[in-house]
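Working through the structure, step by step
What follows is the residue order along each chain.
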Amino acid sequence: MDAARLQSSFAVVSAHGDRAAQHFYAFLFVAYPELRDLFPVSMAGQRDKLLQALGHVVSHVDRLDQAVPYLEGLGRDHRKFSVVGAHYAQVGQALLATLEHFLGEQWTDDLAAQWSAAYDLVSGTMLRAAEHAARSQPAWWTADVLEHERRGPDLAVFTVRPTMPLTYRPGQSVALECPLRPRVWRFLSPANTPRADGTIEFHVRAQSGGELSPALVHQLREGDQVRLGAPVGRRLTLTPGGGRDLLLIAAGTGLAPMRALVEQVEVETAAGVPTRSVQLFAGARSVGDLYDLPTLRGLEAAHRWLSVLPVTPEERGGDDVLGAALRTTRLAEREVYVCGPPAMAGYARDALAAAGVPAAQIHLEDHDAGRYTPSPAPGPMTAAVR
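Throughout, residues of each chain are indexed from 1 in the direction in which the sequence is written. Local features are withheld for residues below a pLDDT of 70 in this predicted model, meaning they are given only at 70 or higher, and side-chain atom pairs are given and counted only at 80 or more; totals for whole chains, interfaces and linings count all residues. Side-chain calculation: all heavy atoms of the structure are included, whereas hydrogens and water are not.

Side note on the overall build of the protein
Within the protein one finds 11 helices and 11 strands. Counting across all 386 residues of the protein, residues that qualify as buried make up 53%. Residue burial considers only the protein chains on display, and all accessible areas are found by Shrake-Rupley using a 1.4 Å probe. Accessible surface, the protein as shown: approximately 16500 Å² in total, 53% of it carbon and sulfur. Secondary structure follows DSSP: runs of H or I at least 4 residues long count as helices, runs of E at least 2 residues long count as strands, and numbering of each begins at the N terminus. Throughout this description, buried means an accessible area under 20% of the type-specific maximum (1.4 Å probe, protein chains only), exposed means over 50%, and partly exposed covers the range between.

Rendered as structure tokens:
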């Protein structure tokens with residue numbers, strides 16, 4: 001397959017922006033109206049996600065081996081949308097129809113065959129992963145909300161217990177949906193290592209204009225139920241069994257997976273794994289916004305290997321959490337984990353590399369849509385919670 005030709009043809013279609021997305025969904029829902037129920041009531045947040053994700057992955061079939069983990073994650077994850085095998089062909093038909101419409105005379109039989117073959121490779125990888133996952137785990141887990149606590153005007157911490165065991169690794173994320181916003185799924189990271197009682201704690205901030213996060217903060221109550229998808233992601237997970245000392249950098253609710261990593265070290269140390277030093281920098285907009293500081297101080301008091309350093313602009317003269325962490329001694333000897341807003345993640349990699357941290361020791365969520373990541377994009381067939 002001619003990947004360059006696929007890429008250039010998709011660039012022509014992408015230039016039409018929202019018009020291409022509208023055509024795609026119009027074709028899909030007219031030809032297969034039953035698929036409309038797989039998507040949220042409001043399509044405003046969905047819009048071009050599916051078309052862009054499909055086009056991007058398909059047009060990079062020359063690197064399909066690199067994309068396989070991503071595609072397999074997509075296939076497993078899309079089971080929670082009730083996606084079945086027949087849907088892949090229907091979505092592929094809508095994709096080809098959209099390409100044909102906007103490419104006009106550039107759409108030839110040969111190019112159509114190239115796109116069809118590329119899509120078959122991608123969808124086949126996703127479908128096989130979905131079928132394999134179906135043999136061992138449900139499409140989603142129902143979970144009861146046991147506690148819900150407001151820790152600020154726009155922030156909540158809540159605890160759920162899945163009705164079936166849900167196994168995950170600290171640093172991973174799970175998609176969450178609730179009846180308050182049907183068919184709107186967003187990713188959240190557990191704030192704790194797996195517990196014997198199966199409970200999972202989540203931290204969420206209500207985003208202005210968000211579809212799901214305001215409901216989770218302002219409307220979710222104890223006794224409600226939510227649905228959870230299969231855990232995804234490996235970028236923020238620790239290698240089991242110990243290793244280098246850790247530097248954890250968190251901003252806002254990016255603290256959740258960092259706290260889970262601290263708890264993992266706690267469990268491993270108790271099991272006899274060699275102790276390693278952990279420094280956790282927790283950044284917030286103000287002192288009052290350090291919503292989980294009592295828990296962190298409790299962990300710090302219990303373990304000599306852990307130090308917690310809160311960072312707020314008012315305390316450090318405008319310094320941000322990354323700037324404060326970059327002054328850590330022996331920085332290049334540590335494994336560094338970063339979680340926070342996309343803007344911070346965007347410049348953290350370069351800042352840490354400039355400070356001498358080897359690339360292999362830098363771990364952060366990749367918010368660049370132009371790269372393959374292990375976390376599926378939101379929406380049927382395709383990170384802060386919105």
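Right, picking up where we left off after that structure.
What to know about helix α8 (residues 255-270)
Under the convention used throughout, the expected extent of a helix is 1.5 Å for every residue step, that is, one less than its residue count. Its 16 residues give α8 an end-to-end C-alpha distance of 23 Å, which sits within 8% of 22 Å, the value for a rise of 1.5 Å per residue. With 12 of 16 residues buried, α8 lies mostly within the body of the structure. Taken together, the buried positions of α8 are L255, A256, P257, M258, R259, A260, L261, V262, E263, Q264, V265 and E268. Check the buried side of α8 and you find it contacts β5 (200-205), β7 (246-251), β8 (278-283), α9 (293-302), β9 (306-311) and β10 (335-339). Positive backbone phi, approximately 100°, marks G272, located one or two places after α8. Every residue pair with non-hydrogen atoms within 4.5 Å of one another is taken to be in contact.

Overview of the pairing of β7
Most of β7 sits inside the fold, with 6 of its 6 residues counted as buried. Taking every second residue as pointing to the same face, both faces of β7 are buried, with L246, L248 and A250 on one and L247, I249 and A251 on the other. Any two strands between which DSSP finds at least two bridges are classified as paired. Bridge analysis of β7 against β8 gives 6 bridges, and the strand direction is parallel. Following the sheet pairing, L247 is matched in β8 by Q279. Traced from β7 through α8 to β8, the parallel crossover comes out right-handed. Pairing geometry for β7 and β10, over 5 bridges, is parallel. From the neighbouring strand, I249 faces β10, where its bridge partner is V338. When the strands point away from the viewer and the connection leading from the first strand across the helix to the second strand turns clockwise, the crossover is called right-handed.

Here's the deal with the sheet that holds strand β6 (residues 225-228)
Sheet architecture is open: 6 strands sit in the order β4-β3-β6-β1-β2-β5, paired in antiparallel fashion. Each of the sheet's edge strands pairs with one partner strand only, and the pair in question is β4 (186-188) and β5. When strand polarity is set aside, the average angle formed by the axes of neighbouring strands in this sheet is 40°. Of the strand pairs in this sheet, strand β3 (residues 174-177) and β6 are connected by 2 bridges, and their pairing is antiparallel. Residue L176 lies in a different strand from β6, and its bridge partner there is L228. Orientation is described by axes fitted as lines to C-alpha atoms, over the contacting stretch for helices, and by angles from 0 to 180 degrees between their N-to-C directions.

Some words on the layout of surface pockets
Think of a 1 Å grid over just the protein atoms. A cavity is a set of points where a 1.4 Å probe fits yet cannot get out, a pocket is an open set with protein on both sides within 12 Å along at least five of seven lines, and lining residues have an atom within 4 Å of a point. Grid points are joined across faces, edges and corners, and a volume is the space filled by probe spheres set on the points. Space inside the second largest pocket adds up to approximately 210 Å³. As for the second largest pocket, its lining consists of 14 residues, of which G73, R76, P231, V232 and G233 are closest to the centre.

Focus: the side chain of T199
Within the secondary structure, T199 sits in the loop between β4 and β5. We classify T199 as buried; its relative accessible area is 5%. Counting of polar contacts relies on pairs of N or O atoms within 3.5 Å, with two restrictions inside protein: one atom must be capable of donating a hydrogen and the other of accepting it, and residues adjacent in sequence are counted only when both atoms are side-chain atoms. At 2.8 Å, the side chain of T199 forms a polar contact with the side chain of D197. If near-sequence neighbours (up to four positions away) are discounted, T199 is found in contact with L146, T159, V160, R161 and N192.

Overview of the environment of Q207
Along the chain, the position of Q207 falls in the loop between β5 and α7 (213-218). Separated by 53 residues in sequence, Q207 and D154 place their C-alpha atoms 8.0 Å apart.

A few points about the nonpolar core
Note on terminology: a nonpolar core comprises buried Ala, Val, Leu, Ile, Met, Phe, Trp, Tyr and Cys residues joined through side-chain atoms within 4.5 Å. Ranked by size, the top nonpolar core spans 42 residues in total, and within it F24, L28, L71, L99, W115 and V122 carry the most contacts. Contributing elements (two or more residues each) for this core: α1 (3-14), α2 (18-31), α3 (49-58), α4 (64-77), α5 (85-103) and α6 (109-134). No other element matches α5, which puts 7 residues into this core. Setting aside anything within four residues of it in sequence, one finds L99 in contact with F10, V13, W107 and W115.

Remarks on α5
Under the 1.5 Å per step criterion, the end-to-end length of α5 is 28 Å for 19 residues, consistent within 8% with the ideal 27 Å. Listed as buried for α5 are H87, Y88, Q90, V91, G92, A94, L95, A97, T98, L99, F102 and L103. Phi for G104, located one or two positions after α5, is positive at around 55°.

Quick word on the environment of R76
Relative to the elements of secondary structure, R76 occurs in helix α4. By relative accessible area, which is 35% here, R76 ends up partly exposed. Separated by 61 residues in the primary sequence, R76 and Q137 place their C-alpha atoms 9.8 Å from one another. Leaving out residues up to four positions away in the same chain, R76 has contacts with A129, A130 and A133.

Some thoughts on the sheet that holds strand β11 (residues 362-364)
Two orientations exist for strands paired in a sheet by backbone hydrogen bonds: parallel and antiparallel. Here we have 5 strands laid out as an open sheet, ordered β9-β8-β7-β10-β11, and parallel in their pairing. The open sheet terminates on both sides in strands that have one partner only, identified here as β9 and β11. Going across the sheet, the axis of each strand differs from the next one's by a mean of 15°, ignoring polarity. Of the strands in this sheet, β8 and β9 touch α9, which is tilted by about 155° from β9. Where helix α11 (residues 342-354) meets the sheet, it contacts β7, β10 and β11, and its direction lies at approximately 180° from that of β11.

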